[in-house]
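The primary structure of each chain is shown beneath.
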Amino acid sequence: MTESRPIHPDFLFWLEHKEDSLIDLFCDLRTYILDIHPDSNEMLYHTHALTAVFSISDKLSDAFCMIPIYTNHLNLGFNRGTLLKDPNQLLKGTGNLIRHIPINDPKEYRNEPVKQLIQSAVAFAIKDMDKPTKSIGKTISKITKNPTGKTNGTQ
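Reading guide: rules and limits
- Residues numbered from 1 in each chain as written.
- Predicted model: local features only at pLDDT ≥ 70, side-chain atom pairs only at ≥ 80, totals over all residues.
- Heavy atoms only, no water.
- pLDDT = per-residue confidence, 0-100.
- Contact = heavy atoms within 4.5 Å.
- Salt bridge = Lys/Arg side-chain N within 4 Å of Asp/Glu carboxyl O.
- Helix = DSSP H or I, 4+ residues; strand = E, 2+ residues; numbered from the N terminus.
- Buried < 20%, exposed > 50% of the residue type's maximum accessible area, 1.4 Å probe, protein only.
- Pairing = 2+ DSSP bridges.
- Axes fitted to C-alpha atoms, helices over the stretch in contact; angles between N-to-C directions.
- Expected span 1.5 Å × (residues − 1).
- Arc of directions from axis to C-beta.
- Polar contact = N/O pair within 3.5 Å; in protein donor to acceptor, adjacent residues only side chain to side chain.

## Looking at the confidence of the model for the chain
At step 1: Per-residue confidence for the chain gives a mean pLDDT of 90, with 90% of residues at or over 70.
At step 2: Taken together, the stretch residues 151–155 has pLDDT below 50 and engages in 20 contacts with residues farther than four places along the chain or on a different chain.

## Structural notes on the pattern of salt bridges
At step 1: Across all of its chains, the model carries 3 salt bridges by this definition.
At step 2: The shortest N-O distance in the salt bridge between Arg110 and Asp28 comes to 2.9 Å. Note that Arg110 is positioned in the loop between β5 (99–103) and α3 (112–128) and Asp28 in helix α2 (residues 20–36), a separation of 82 residues in sequence.
At step 3: Arg110 sits in the partly exposed class, given a relative accessible area of 35%.
At step 4: The partly exposed category is assigned to Asp28, whose relative accessible area is 22%.

## What about the pairing of strand β4 (residues 74–78)?
At step 1: Where burial is concerned, most of β4 is hidden: 5 out of the 5 residues are buried.
At step 2: Judged by which residues are buried, β4 turns out to be covered on both faces: Leu74, Leu76 and Phe78 on one side and Asn75 and Gly77 on the other are all buried.
At step 3: Judged from the 2 bridges that link them, strand β3 (residues 63–69) and β4 form a sheet pairing that is antiparallel. The residue of β4 that forms the bridge with Met66 is Gly77.

## Re the sheet that holds β5
At step 1: Pairing is mixed across the open sheet formed by 6 strands, whose spatial order is β5-β4-β3-β2-β1-β6. For this open sheet the edge positions go to β5 and β6 (139–141), each flanked by a neighbour on one side alone. Averaged over all adjacent pairs, the angle separating strand axes in this sheet is 20°, with direction ignored.
At step 2: Bridging between strand β1 (residues 41–46) and β6 involves 3 bridges; their strand directions are parallel. From the neighbouring strand, Glu42 faces β6, where its bridge partner is Thr139.
At step 3: Those strands touched by α2 are β1, β2 (50–55), β3, β4 and β5, and its axis lies near 170° from that of β3.

## Observations regarding α3
Since one α-helical turn is 3.6 residues long, residues separated by three or four positions face the same way.
At step 1: The terminal C-alpha atoms of α3, which comprises 17 residues, lie 24 Å apart, in line with the 24 Å expected from a rise of 1.5 Å per residue.
At step 2: Within the span of α3, buried status applies to Val114, Leu117, Ile118, Ala121, Val122 and Ala125. Along the axis of α3, the buried positions cluster into a sector of 135°, meaning they face one direction only.
At step 3: Where α3 is buried, its residues touch α2, β3, β4 and β5.
At step 4: Near the N-terminus of α3, the side chain that reaches the backbone nitrogen of Val114, with its oxygen 3.0 Å away, is that of Asn111.

## Some thoughts on the pairing of β1
Looking along a regular strand, one sees the side chains alternate between the two faces of the sheet.
At step 1: Most of β1 sits inside the fold, with 6 of its 6 residues counted as buried.
At step 2: Both faces of β1 are covered, namely the face carrying Asn41, Met43 and Tyr45 and the face carrying Glu42, Leu44 and His46.
At step 3: Where β1 lies against β2, 6 bridges are found, and the strand directions are antiparallel. When the sheet's bridge partners are listed, Leu44 is paired in β2 with Ala52.

Rendered as structure tokens:
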């Protein structure tokens, strides 16, 4: 395992409001994804869920997976999950493209089938990308701040 990049302060502000078990799970899953594809750009959002999105560029359209953190759980989401081969039938969901794996324990993602899904999602995103990117390994916060310097949003 490589040394993971630090969590952006905007994201960390909201992450620290979550249960310790969710924080630990998020941090481990994030490290796992960054170990698999260290050049990932990480885009951070706080909407209905606190979400880290991993992309091969600085565009959301080039994202390959995400970790949305809800009140009591988190998922490993795949932006084009319906287009990925899933021989172990790990992916859940009913949307047109996005699928996810509910995560409650590291054993649910620290395994070869999930690693292969992440690698396939990266390969698909690279193949589907419009043009090469110069943005590599960056963290991009899309979390807005108010004039007091605190982050806006709901928990």
